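Chains, contacts and geometry: an overview
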Amino acid sequence: MRAIKSTGTKPERIVRRVVRELGVGYRLKSPKLPGKPDLIFPGRRKVIFVNGCFWHAHFRSAIFCRLAREPSGDYWKERLALNAGRDERVIAELRQIGWSALVIWECQLGDIFAVRNTILEFLRNEEQPHEA
């Protein structure tokens, strides 16, 4: 477990590169905001979370995910359910304080052009759904 990184992961670096290519400035991991978003756009009051499919229980969503499989043990089921619940609470807290959030899943990074368009649309629009 100690080897699992919480910042600077490959999916996060890919999303950062896409945002840099768009020419948009951002900040990283502010402890002042709920959930410590991966990318923060303070002037726009928007944040992006880059979620690993397994750790954030993407298998629970309606979207088919090729990377996340539901674990068999009770410990892992409970732990991942807690992670997913926390994610929902964090996004609700951000909305309450006037911030918009976008979640980019690890499995979406296979289509980098779609991710780029999603990010561009999110940053342009005033209001955006929290999940890409």
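As a starting point, this report considers the structure included with it. These figures come from a predicted structure and were not determined experimentally.

1. A closer look at the overall build of the chain
When helices and strands are counted, the chain shows three helices and four strands. Taken from the N to the C terminus, the helices and strands of the chain come in the order α-β-β-β-α-β-α. When the 132 residues of the chain are sorted by exposure, 40% land in the buried category. Counting only contacts in the chain whose residues sit at least 6 apart along the sequence, the fraction spanning at least 24 positions is 56%. Here the chain displays about 8100 Å² of accessible surface, and carbon together with sulfur accounts for 51% of that area.

2. Concerning the side chain of Lys46
Structurally, Lys46 can be placed in strand β3 (residues 46–51). For Lys46, a relative accessible area of 4% gives the class buried. At a separation of 2.5 Å, a polar atom in the side chain of Lys46 contacts the main-chain carbonyl oxygen of Phe122.

3. What to know about the pairing of strand β4 (residues 100–105)
Remark: a regular strand shows side chains that alternate across the two faces of the sheet. Counting buried positions over the six residues of β4 gives six, a clear majority of the element. A two-sided burial pattern is seen for β4, the buried positions comprising Ser100, Leu102 and Ile104 on one face and Ala101, Val103 and Trp105 on the other. With six bridges connecting them, β3 and β4 associate as parallel partners. Bridging across to β4, Lys46 finds its partner in Ser100.

4. A closer look at the nonpolar core
The biggest cluster of nonpolar side chains holds 17 residues, and the ones touching the most others in it are Val15, Val19, Leu39, Phe41, Ile48, Ile104 and Ile119. Breaking this core down by element, the ones donating at least two residues are α1 (10–22), β2 (39–41), β3, β4 and α3 (112–124). When residues of this core are assigned to their parent elements, the largest contribution, five residues, is made by α1. Those residues in contact with Ile104 that lie beyond four places of it in its chain are Val15, Ile48, Phe49, Val50, Asn51, Leu109, Val115 and Ile119. The next biggest cluster of nonpolar side chains, apart from the first, holds 14 residues, and it includes Leu33, Trp99, Ala101 and Cys107.

What counts, and where the lines are drawn
- Residues numbered from 1 in each chain as written.
- Predicted model: local features only at pLDDT ≥ 70, side-chain atom pairs only at ≥ 80, totals over all residues.
- Heavy atoms only, no water.
- Helix = DSSP H or I, 4+ residues; strand = E, 2+ residues; numbered from the N terminus.
- Buried < 20%, exposed > 50% of the residue type's maximum accessible area, 1.4 Å probe, protein only.
- Contact = heavy atoms within 4.5 Å.
- Areas by Shrake-Rupley, 256 points an atom, 1.4 Å probe, with all protein chains shown as cover.
- Polar contact = N/O pair within 3.5 Å; in protein donor to acceptor, adjacent residues only side chain to side chain.
- Pairing = 2+ DSSP bridges.
- Core = buried A, V, L, I, M, F, W, Y, C linked by side-chain atoms within 4.5 Å.

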